Amino acid sequence: MTTSKISPHNHKRCIDSAMSNAEQLCAQRGLRLTPIRRKVFELIWESHQAVKAYDLLERIRPFEMSAKPPTVYRALEFLLDLGVIHRVESLNAFIGCIDSGRTHEQLLLICTECQQVTECSAPEVMGALAAEIRMQGFSARQKSIEIHGTCRTCALNADTKDTLPS
(Lines give C-alpha, C1' and ligand atoms only; values in the text may rest on other atoms or scores of the structure.)
Protein backbone atom coordinates (compact mmCIF):
# COMPACT_ATOMS: atom_id res chain seq x y z
CA MET A 1 0.00 0.00 0.00
CA THR A 2 1.39 3.38 -0.93
CA THR A 3 0.39 6.26 1.28
CA SER A 4 3.23 8.54 0.31
CA LYS A 5 2.48 12.12 -0.64
CA ILE A 6 5.48 11.94 -2.98
CA SER A 7 3.89 9.48 -5.40
CA PRO A 8 0.26 9.91 -6.42
CA HIS A 9 -2.19 7.82 -4.47
CA ASN A 10 -5.68 7.10 -5.75
CA HIS A 11 -7.48 6.72 -2.43
CA LYS A 12 -10.88 6.32 -4.09
CA ARG A 13 -9.50 3.16 -5.70
CA CYS A 14 -8.49 1.91 -2.22
CA ILE A 15 -11.98 2.52 -0.87
CA ASP A 16 -13.76 1.01 -3.88
CA SER A 17 -11.54 -2.08 -3.82
CA ALA A 18 -11.97 -2.54 -0.06
CA MET A 19 -15.76 -2.21 -0.32
CA SER A 20 -15.90 -4.64 -3.24
CA ASN A 21 -13.81 -7.17 -1.27
CA ALA A 22 -16.05 -6.80 1.79
CA GLU A 23 -19.20 -7.28 -0.30
CA GLN A 24 -17.72 -10.39 -1.99
CA LEU A 25 -16.69 -11.90 1.34
CA CYS A 26 -20.16 -11.32 2.77
CA ALA A 27 -21.78 -12.93 -0.29
CA GLN A 28 -19.42 -15.94 -0.12
CA ARG A 29 -20.12 -16.47 3.58
CA GLY A 30 -23.85 -15.74 3.51
CA LEU A 31 -23.43 -12.62 5.66
CA ARG A 32 -24.97 -9.16 5.38
CA LEU A 33 -23.08 -5.90 5.15
CA THR A 34 -25.82 -3.93 6.88
CA PRO A 35 -26.01 -0.15 6.43
CA ILE A 36 -24.35 0.49 9.82
CA ARG A 37 -21.54 -2.02 9.12
CA ARG A 38 -21.04 -0.48 5.68
CA LYS A 39 -20.88 3.04 7.13
CA VAL A 40 -18.37 2.04 9.85
CA PHE A 41 -16.26 0.35 7.17
CA GLU A 42 -16.41 3.44 4.91
CA LEU A 43 -15.40 5.70 7.82
CA ILE A 44 -12.42 3.49 8.62
CA TRP A 45 -11.33 3.62 4.98
CA GLU A 46 -11.62 7.42 4.69
CA SER A 47 -7.88 7.55 5.30
CA HIS A 48 -4.96 5.31 6.09
CA GLN A 49 -4.95 6.57 9.67
CA ALA A 50 -6.13 4.42 12.55
CA VAL A 51 -9.56 5.39 13.88
CA LYS A 52 -10.77 4.94 17.46
CA ALA A 53 -14.21 3.46 18.15
CA TYR A 54 -15.52 6.58 19.89
CA ASP A 55 -14.37 8.74 16.97
CA LEU A 56 -16.32 6.42 14.69
CA LEU A 57 -19.36 6.82 16.94
CA GLU A 58 -19.19 10.62 16.68
CA ARG A 59 -18.74 10.47 12.91
CA ILE A 60 -21.59 7.99 12.42
CA ARG A 61 -24.17 9.92 14.44
CA PRO A 62 -25.10 12.32 11.60
CA PHE A 63 -26.12 9.22 9.60
CA GLU A 64 -27.51 7.13 12.47
CA MET A 65 -28.75 9.34 15.32
CA SER A 66 -29.58 6.37 17.57
CA ALA A 67 -26.05 4.91 17.34
CA LYS A 68 -24.59 3.93 20.71
CA PRO A 69 -21.17 2.45 21.58
CA PRO A 70 -22.45 -1.16 21.32
CA THR A 71 -23.68 -0.40 17.78
CA VAL A 72 -20.18 0.59 16.67
CA TYR A 73 -18.46 -2.20 18.62
CA ARG A 74 -20.74 -4.85 17.07
CA ALA A 75 -19.97 -3.48 13.59
CA LEU A 76 -16.24 -3.47 14.37
CA GLU A 77 -16.38 -7.05 15.65
CA PHE A 78 -18.19 -8.14 12.49
CA LEU A 79 -15.60 -6.40 10.28
CA LEU A 80 -12.72 -7.89 12.30
CA ASP A 81 -14.21 -11.39 12.01
CA LEU A 82 -14.74 -10.85 8.28
CA GLY A 83 -11.04 -9.99 8.02
CA VAL A 84 -11.46 -6.60 6.37
CA ILE A 85 -10.06 -4.45 9.18
CA HIS A 86 -7.30 -4.75 11.77
CA ARG A 87 -7.09 -3.58 15.33
CA VAL A 88 -4.02 -1.46 16.05
CA GLU A 89 -3.51 -2.57 19.65
CA SER A 90 -1.03 0.12 20.68
CA LEU A 91 -3.43 2.87 19.57
CA ASN A 92 -6.65 1.09 20.56
CA ALA A 93 -7.87 1.89 17.06
CA PHE A 94 -8.74 0.28 13.71
CA ILE A 95 -7.51 0.40 10.10
CA GLY A 96 -8.65 -1.13 6.85
CA CYS A 97 -6.92 -4.35 5.81
CA ILE A 98 -5.16 -4.34 2.44
CA ASP A 99 -5.18 -8.15 2.22
CA SER A 100 -8.71 -8.87 3.36
CA GLY A 101 -10.53 -12.12 3.60
CA ARG A 102 -7.78 -14.32 4.91
CA THR A 103 -5.99 -14.68 8.21
CA HIS A 104 -2.51 -13.28 7.92
CA GLU A 105 0.30 -11.85 9.95
CA GLN A 106 0.60 -8.11 10.29
CA LEU A 107 3.52 -5.75 10.30
CA LEU A 108 2.10 -2.29 10.92
CA LEU A 109 4.27 0.79 10.46
CA ILE A 110 2.75 3.68 12.42
CA CYS A 111 3.97 7.20 11.72
CA THR A 112 3.99 9.29 14.89
CA GLU A 113 4.03 12.48 12.81
CA CYS A 114 1.10 12.08 10.38
CA GLN A 115 -0.59 9.05 12.05
CA GLN A 116 -0.61 7.06 8.79
CA VAL A 117 -0.56 3.28 9.28
CA THR A 118 0.97 1.10 6.58
CA GLU A 119 0.36 -2.64 6.56
CA CYS A 120 3.27 -4.72 5.21
CA SER A 121 3.48 -8.45 4.54
CA ALA A 122 7.25 -8.66 5.32
CA PRO A 123 7.56 -12.42 4.66
CA GLU A 124 11.22 -12.62 5.72
CA VAL A 125 10.56 -10.87 9.04
CA MET A 126 7.47 -12.94 9.75
CA GLY A 127 9.27 -16.14 8.68
CA ALA A 128 12.12 -15.42 11.09
CA LEU A 129 9.60 -14.67 13.82
CA ALA A 130 7.73 -17.94 13.11
CA ALA A 131 11.01 -19.88 13.31
CA GLU A 132 11.85 -18.30 16.68
CA ILE A 133 8.38 -19.04 18.00
CA ARG A 134 8.72 -22.69 16.95
CA MET A 135 12.17 -22.92 18.57
CA GLN A 136 10.65 -21.69 21.81
CA GLY A 137 7.88 -24.29 21.62
CA PHE A 138 5.30 -21.52 21.73
CA SER A 139 1.95 -21.77 19.96
CA ALA A 140 0.92 -18.38 18.58
CA ARG A 141 -2.74 -17.64 17.83
CA GLN A 142 -2.03 -14.37 16.09
CA LYS A 143 1.07 -12.44 15.08
CA SER A 144 1.05 -8.69 14.82
CA ILE A 145 4.01 -6.35 15.04
CA GLU A 146 3.50 -2.63 15.44
CA ILE A 147 6.42 -0.31 14.84
CA HIS A 148 6.16 3.39 15.65
CA GLY A 149 8.39 5.87 13.87
CA THR A 150 8.47 8.34 11.00
CA CYS A 151 7.25 7.56 7.50
CA ARG A 152 9.24 8.45 4.39
CA THR A 153 7.06 11.46 3.56
CA CYS A 154 7.35 12.99 7.03
CA ALA A 155 11.10 12.30 7.11
CA LEU A 156 11.53 14.02 3.73
CA ASN A 157 9.37 16.94 4.88
CA ALA A 158 11.50 17.26 8.03
CA ASP A 159 14.68 17.20 5.93
CA THR A 160 13.27 19.90 3.68
CA LYS A 161 12.36 22.08 6.67
CA ASP A 162 15.87 21.64 8.08
CA THR A 163 17.45 22.90 4.85
CA LEU A 164 15.18 25.95 4.46
CA PRO A 165 16.61 29.29 5.67
CA SER A 166 14.94 30.66 8.80
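1. With respect to the sheet that holds strand E3 (residues 106-111)
Spatial ordering of the open sheet is given by E4-E3-E5, a layout of three strands whose pairing is mixed. Two strands in the sheet have a free side with no partner beyond their single neighbour: strand E4 (117-120) and strand E5 (144-149). Between one strand axis and the next, the sheet turns through 20° on average, direction left out of account. In terms of strand pairing, E3 meets E5 through six bridges, oriented parallel. Paired with Leu108 across the two strands is Glu146, which belongs to E5.

2. Details of the packing of aromatic side chains
The full count for this structure, using the stated rule, is one aromatic pair. Relative to Tyr73, the ring of Tyr54 has its centre 6.3 Å away and its plane inclined at 70°; by these criteria the two rings are edge-to-face. Residue Tyr54 is found in helix H3 (residues 53-60), and its partner Tyr73 is found in helix H4 (residues 69-82); the two are separated by 19 residues along the sequence. Since its relative accessible area comes to 39%, Tyr73 is described here as partly exposed. Over the ring of Phe78 we find Arg37; its NZ or CZ atom is 3.7 Å from the centre of that ring. Above the face of the Phe63 ring, Lys39 is positioned so that its terminal group lies 3.8 Å from the ring centre.

3. Here we look at the environment of Asp99
Position of Asp99 relative to the elements: it lies in the loop between strand E2 (93-96) and E3. The class for Asp99 is partly exposed, based on a relative accessible area of 30%. Between the C-alpha atom of Asp99 and that of Cys120, which follows or precedes it by 21 residues, the distance is 9.6 Å. With sequence-adjacent residues up to four places away left out, Asp99 is seen in contact with His104 and Glu119.

Definitions and cut-offs
Residues numbered from 1 in each chain as written. Predicted model: local features only at pLDDT ≥ 70, side-chain atom pairs only at ≥ 80, totals over all residues. Heavy atoms only, no water. Pairing = 2+ DSSP bridges. Helix = DSSP H or I, 4+ residues; strand = E, 2+ residues; numbered from the N terminus. Axes fitted to C-alpha atoms, helices over the stretch in contact; angles between N-to-C directions. Phe/Tyr/Trp six-rings, centres within 6.5 Å; stacked < 30°, edge-to-face > 60°. Buried < 20%, exposed > 50% of the residue type's maximum accessible area, 1.4 Å probe, protein only. Lys NZ or Arg CZ within 6 Å of the ring centre and 35° of its normal. Contact = heavy atoms within 4.5 Å.

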